[in-house]
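Structural overview for review
One-letter residues, chain by chain:
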Amino acid sequence: QKEVEQDPGPLSVPEGAIVSLNCTYSNSAFQYFMWYRQYSRKGPELLMYTYSSGNKEDGRFTAQVDKSSKYISLFIRDSQPSDSATYLCAMSAAGGSYIPTFGRGTSLIVHP
Amino acid sequence: DSGVTQTPKHLITATGQRVTLRCSPRSGDLSVYWYQQSLDQGLQFLIQYYNGEERAKGNILERFSAQQFPDLHSELNLSSLELGDSALYFCASSVRGSFEETQYFGPGTRLLVL
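Attention here is on the structure that accompanies the text. (Residues numbered from 1 in each chain as written. Chains lettered and ligands numbered in written order. Predicted model: local features only at pLDDT ≥ 70, side-chain atom pairs only at ≥ 80, totals over all residues. Heavy atoms only, no water.)

Here we come to the interface of chain A and chain B. Listed by partner, the interface residues are 16 residues for chain A and 19 residues for chain B. Summing both sides of the interface, chain A and chain B together bury roughly 1,500 Å²; the carbon and sulfur share of this comes to 59%. If you look at where chain A meets chain B, you find 0 salt bridges. Taken together, the connections running from chain A to chain B amount to 3 residue pairs in polar contact (both at pLDDT 80 or more). Those elements that place two or more of their residues in the side of chain A that touches chain B are β4 (30–38) and β5 (45–51) of chain A. When residues in the side of chain A that touches chain B are grouped by element, the largest group, 3 residues, is from β4(A). For the side of chain A that touches chain B, the residue count by class is 10 nonpolar, 3 polar and 3 charged. (Contact = heavy atoms within 4.5 Å. Buried area = accessible area lost by both parts, 1.4 Å probe. Salt bridge = Lys/Arg side-chain N within 4 Å of Asp/Glu carboxyl O. Polar contact = N/O pair within 3.5 Å; in protein donor to acceptor, adjacent residues only side chain to side chain. Helix = DSSP H or I, 4+ residues; strand = E, 2+ residues; numbered from the N terminus. Nonpolar A, V, L, I, M, F, W, Y, C, P; charged D, E, K, R; others polar.)

Written out as structure tokens, the structure reads:
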């Protein structure tokens, strides 16, 4: 079992839909949780960063962490075709070198 | 544009060869990270440098090595290349070298080993 599991998709939704992207993990030491967006043939860019449990909102994006279930989510409201990309979750443990472990990424397609 | 530059963009080489990938971090960033992204393994952390010193090591093979120079640019050397080394190699940079801070990724070098 990989430490971080993420459904590769693709996930295809119509413009304006609410998108839910998820990752599960097995390492209970993870405390830092990140979501990256990667457009085709580009490097990843950090979207959201959360520490421990709870929610964090930034514009149309909301990140949720449920440490009891070892489950994190990224919600995208009013999705746009420009949101079409691969979304990678990443997480790391505190108290060490904080080296992140990445999910394989979910491919999202938002069609007009 | 993240401000991180990587050269070359593409590299095609043969098994057994050696290549060098180059990265220039964003202005003011002291730390450089190298990652490998392949279809079967996803994105994997290789190694981190901070102000010229190695700070953290991930899943980096012994055939691979890196260094960060006084001007803060970094090079990743891949030797005795195998078919399985074909991947995208990303460099990222950050200011303080802490993993919990934002890392800015470059556009990557696409390596194809034939």
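This part covers the nonpolar core. Counting 24 residues, the largest nonpolar core has W35(A), I72(A), L74(A), Y87(A) and M91(A) as its most contacted members. Put simply, the parts of the chain that give this core at least two residues each are β3 (19–25), β4, β5, β7 (61–66), β8 (71–76), β9 (85–93) and β11 (106–111) of chain A. Formed by 21 residues, the second largest nonpolar core is a distinct cluster that contains L78(B), L81(B), A87(B) and V113(B). (Core = buried A, V, L, I, M, F, W, Y, C linked by side-chain atoms within 4.5 Å. Buried < 20%, exposed > 50% of the residue type's maximum accessible area, 1.4 Å probe, protein only.)

Moving on: the sheet that holds β7(A). Sheet architecture is open: 5 strands sit in the order β1-β3-β8-β7-β6 (chain A), paired in antiparallel fashion. Each edge of the open sheet carries a strand with a single partner, namely β1 (4–5) and β6 (54–58) of chain A. (Pairing = 2+ DSSP bridges.)

What follows is about the pattern of salt bridges. The full count for this structure, using the stated rule, is 6 salt bridges over all chains. Each of the salt bridges in this network shares a partner with another, and the network as a whole consists of R63(B), E82(B) and D85(B).

Attention shifts here to the sheet that holds strand β8 (residues 74–78) of chain B. Residue and element names in this part refer to chain B. Strand order in the open sheet made by the 4 strands is β1-β3-β8-β7, with antiparallel pairing throughout. With partners counted over all chains shown, the strands left at the sheet margins are β1 (5–7) and β7 (64–68), one partner each. Across this sheet, the average inter-strand angle for adjacent strands is 15°, counted without regard to direction. The pairing of β7 with β8 spans 5 bridges and is classified as antiparallel. Bridged to S65 within β8 is N77. (Axes fitted to C-alpha atoms, helices over the stretch in contact; angles between N-to-C directions.)

There is about 570 Å³ of room inside the largest pocket. Only β9 of chain A together with β4 (31–38), β9 (87–94) and β11 (109–113) of chain B provide two or more residues apiece to the lining of the largest pocket. Residue contributions to the lining of the largest pocket peak at 3 residues, all from β11(B). Broken down by class, the residue content of the lining of the largest pocket amounts to 8 nonpolar, 9 polar and 4 charged. One number sums up the size of the second largest pocket: a volume of about 470 Å³. Considering the residues around the second largest pocket, the lining is formed by 21 residues, among which R41(A), K42(A), G43(A), G106(B) and P107(B) are closest to the centre. Among the secondary structure elements, those contributing two or more residues to the lining of the second largest pocket are β5 of chain A together with β10 (104–105) and β11 of chain B. (1 Å grid on protein atoms, 1.4 Å probe; cavity = no way out; pocket = protein on both sides within 12 Å on 5 of 7 lines; lining within 4 Å. Points joined across faces, edges and corners; volume = space filled by probe spheres on them.)

On to the pairing of strand β6 (residues 53–57) of chain B. Residue and element names in this part refer to chain B. Of the pairings in the sheet, the one linking strand β5 (residues 42–50) to β6 comprises 4 bridges and is antiparallel in character. Each bridged residue has a counterpart across the sheet, and for Q48 the counterpart in β6 is A56. Where β5 folds back on β6, the antiparallel hairpin that results is connected by 2 residues, among which N51 adopts a positive phi of roughly 50°.

A surface patch of nonpolar side chains, amounting to about 310 Å² of accessible area, comprises I12(B), L112(B) and L114(B). Assignment of secondary structure puts I12(B) in strand β2 (residues 10–13). (Patch = residues over 30% accessible without salt bridge, like charges linked within 9 Å, V, L, I, M, F, W, Y side chains within 5 Å. Areas by Shrake-Rupley, 256 points an atom, 1.4 Å probe, with all protein chains shown as cover.)

Such coordinate-based values are descriptive only and should not be taken to indicate function.
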